[in-house]
Amino acid sequence: MAFVVTSLCDGCKYTDCVTVCPADCFHEGETMLYINPETCTECGACEPECPVAAIYHEDSVPDEWQQFIQINEEMAAKLPSIVMKKKPLAD
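The rules behind the values
- Residues numbered from 1 in each chain as written.
- Predicted model: local features only at pLDDT ≥ 70, side-chain atom pairs only at ≥ 80, totals over all residues.
- Heavy atoms only, no water.
- Helix = DSSP H or I, 4+ residues; strand = E, 2+ residues; numbered from the N terminus.
- Rg over C-alpha atoms; globule rule 2.2 N^0.38 Å.
- Buried < 20%, exposed > 50% of the residue type's maximum accessible area, 1.4 Å probe, protein only.
- Contact = heavy atoms within 4.5 Å.
- Areas by Shrake-Rupley, 256 points an atom, 1.4 Å probe, with all protein chains shown as cover.
- Expected span 1.5 Å × (residues − 1).
- Arc of directions from axis to C-beta.
- 1 Å grid on protein atoms, 1.4 Å probe; cavity = no way out; pocket = protein on both sides within 12 Å on 5 of 7 lines; lining within 4 Å.
- Points joined across faces, edges and corners; volume = space filled by probe spheres on them.
- Nonpolar A, V, L, I, M, F, W, Y, C, P; charged D, E, K, R; others polar.
- Polar contact = N/O pair within 3.5 Å; in protein donor to acceptor, adjacent residues only side chain to side chain.

Novice: With reference to specific residues and values, describe the overall build of the chain.
Specialist: Of the regular secondary structure elements, the chain holds two helices and four strands. In the chain, the succession of α and β elements from N to C terminus is β-α-β-β-β-α. Taking 91 residues into account, the globule formula puts the C-alpha radius of gyration at 12 Å, and the chain, at 11 Å, falls close to it. Overall, the chain is about 30 × 25 × 25 Å in size when its C-alpha atoms are taken along their principal axes. A burial count over the chain gives 41% of its 91 residues as buried. Considering only contacts in the chain between residues 6 or more positions apart, those separated by 24 or more positions represent 71%. Accessible surface computed for the chain: about 5000 Å², of which carbon and sulfur atoms make up 50%.

Novice: Tell me what's going on with helix α2 (residues 67-78), and back it up with residues and numbers.
Specialist: Between its first and last C-alpha atoms α2 spans 17 Å; for 12 residues at 1.5 Å apiece the expected length is 16 Å, and the two agree. For α2, the set of buried residues is Phe68, Asn72 and Ala76. Buried residues of α2 fall within an arc of 70 degrees about the axis and therefore sit on the same side. Away from the buried face of α2 by more than 90 degrees, exposed residues Ala77 and Lys78 are located. Where α2 is buried, its residues touch β1 (3-5), β2 (26-28) and β3 (33-35).

Novice: Which residues make up empty space enclosed by the protein, and what are the values?
Specialist: This structure, assessed with the given rule, holds one cavity of 30 Å³ or more. What the largest cavity holds in volume is close to 50 Å³. Among the residues making up the lining of the largest cavity, the classes are represented as eight nonpolar, two polar and one charged.

Novice: Tell me what's going on with the side chain of Glu28, and back it up with residues and numbers.
Specialist: Examined against the element boundaries, Glu28 turns out to sit in strand β2. There is a polar contact of 2.7 Å between the side chain of Glu28 and the side chain of Lys86. For Glu28, the contacting residues outside a window of four places in its chain are Lys13, Leu33, Leu79, Pro80, Ile82 and Lys86.

This is the structure we're talking about:
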C-alpha cells in the first residue's frame, strides 16, 4: 500500500509534498506529480501538505480516481524523481 496522487494535481503541480517526503518517492511529470508505491513508506507526511487535496492513501482513493493507483505506479517508473520544491503551474 502507498499514497497516491490523483487528477486534482493535474495542472497545479504544487510541490509542497515533495519537501516533507522522507523516502523521496515523488516523480515529476509535465503537469502533475506521481508517487512511487515501491518506495513510499506510508508515513502520510505528504497528504496534509497538498493545497488541493490531491493525495490519498491507496485504501481511501475515491472511486472516480481509482485508476490513479495504477497510473502512479506506471508513471513513477518512467519519470525522474523530484526532491526540491518548485514553482507550481497554478497560482
